[in-house]
Amino acid sequence: MKNRSLAFLAGGLLVALLLAGVVSNYASSHPDGLDSSLLKGCTVDADDNIVGGSCPAQQAREHELGDSPLADYGVRGIRNSFVSTGLSGVLGVLVTFAIGAGGFWLLRRRGDASTRGDDTADGTASTDDATAAEGATGDAVTAARRTS
């Protein structure tokens, strides 16, 4: 990989880590569009608990992975919410980067193998290809002699 590409990749990773680790703590705590649309038709109190009405949010249940180490945008076991949210974002960026880099690495290896075609391991053309090329060259030379 060229130094310029490596510097661009490292810079992008650094920006993503800073956004996930620091800026994510300043995101809005108000419900997003999906959450607020699920509450339409219900009456909620100051703590966003449903106290009446009928809405899709009443059918909500705990997610199967709700007790996982990175549930609810934090790291379980870390009491400081700023650190917990930041660390969760950083871990998410690193895992996503590792999966993406691994996928590109696999595609690159597969692409290298398919671009070789019928070449042998040492990079030379196979005997059948060389014979076919000589035949085609010979036919072209014969055709050129006939026209001159």
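Up top you'll find the structure we're talking about.
Here is a short report on the structure shown in this document. Remember, it's a predicted structure, so these values are computed and weren't measured experimentally.

## Brief notes about the overall build of the protein chain
Then, number 1: When helices and strands are tallied, the protein chain shows four helices and two strands.
Then, number 2: In the protein chain, the succession of α and β elements from N to C terminus is α-α-β-β-α-α.
Then, number 3: Counting across all 148 residues of the protein chain, residues that qualify as buried make up 9%.
Then, number 4: Here the protein chain has roughly 12,100 Å² of accessible surface; of this, 60% comes from carbon and sulfur atoms.

## Brief notes about the pattern of salt bridges
Then, number 1: A complete count under the given rule lists one salt bridge for this structure.
Then, number 2: Linking Arg61 and Glu64 is a salt bridge whose minimum nitrogen-to-oxygen distance equals 3.9 Å.
Then, number 3: Overall, Arg61 belongs to the exposed group, its relative accessible area being 68%.
Then, number 4: Relative accessible area serves as the criterion here: at 59%, Glu64 is assigned to the exposed category.

## Concerning the pairing of strand S2 (residues 50-53)
Then, number 1: For strand S1 (residues 42-44) and S2, the ladder comprises three bridges, and the chain directions are antiparallel. Paired with Val44 across the bridge in S2 is Ile50.
Then, number 2: In sequence, S1 turns back onto S2 through a hairpin of five residues, with Asp48 there showing a positive phi of about 65°.

## A look at the state of the cysteines
Then, number 1: Counted by the stated rule, this structure contains one disulfide.
Then, number 2: The disulfide bridge from Cys42 ends at Cys55, spanning 2.0 Å between sulfur atoms. As the torsion about the S-S bond is roughly -95°, the Cys42-Cys55 disulfide counts as left-handed. Within this pair, whereas Cys42 is found in strand S1, its partner Cys55 is found in the loop between S2 and helix H3 (81-115), the two being separated by 13 residues in sequence.
Then, number 3: We classify Cys42 as buried; its relative accessible area is 14%.
Then, number 4: The class for Cys55 is buried, based on a relative accessible area of 6%.

Cut-offs and rules
Residues numbered from 1 in each chain as written. Predicted model: local features only at pLDDT ≥ 70, side-chain atom pairs only at ≥ 80, totals over all residues. Heavy atoms only, no water. Helix = DSSP H or I, 4+ residues; strand = E, 2+ residues; numbered from the N terminus. Buried < 20%, exposed > 50% of the residue type's maximum accessible area, 1.4 Å probe, protein only. Areas by Shrake-Rupley, 256 points an atom, 1.4 Å probe, with all protein chains shown as cover. Salt bridge = Lys/Arg side-chain N within 4 Å of Asp/Glu carboxyl O. Pairing = 2+ DSSP bridges. Disulfide = S-S within 2.5 Å.

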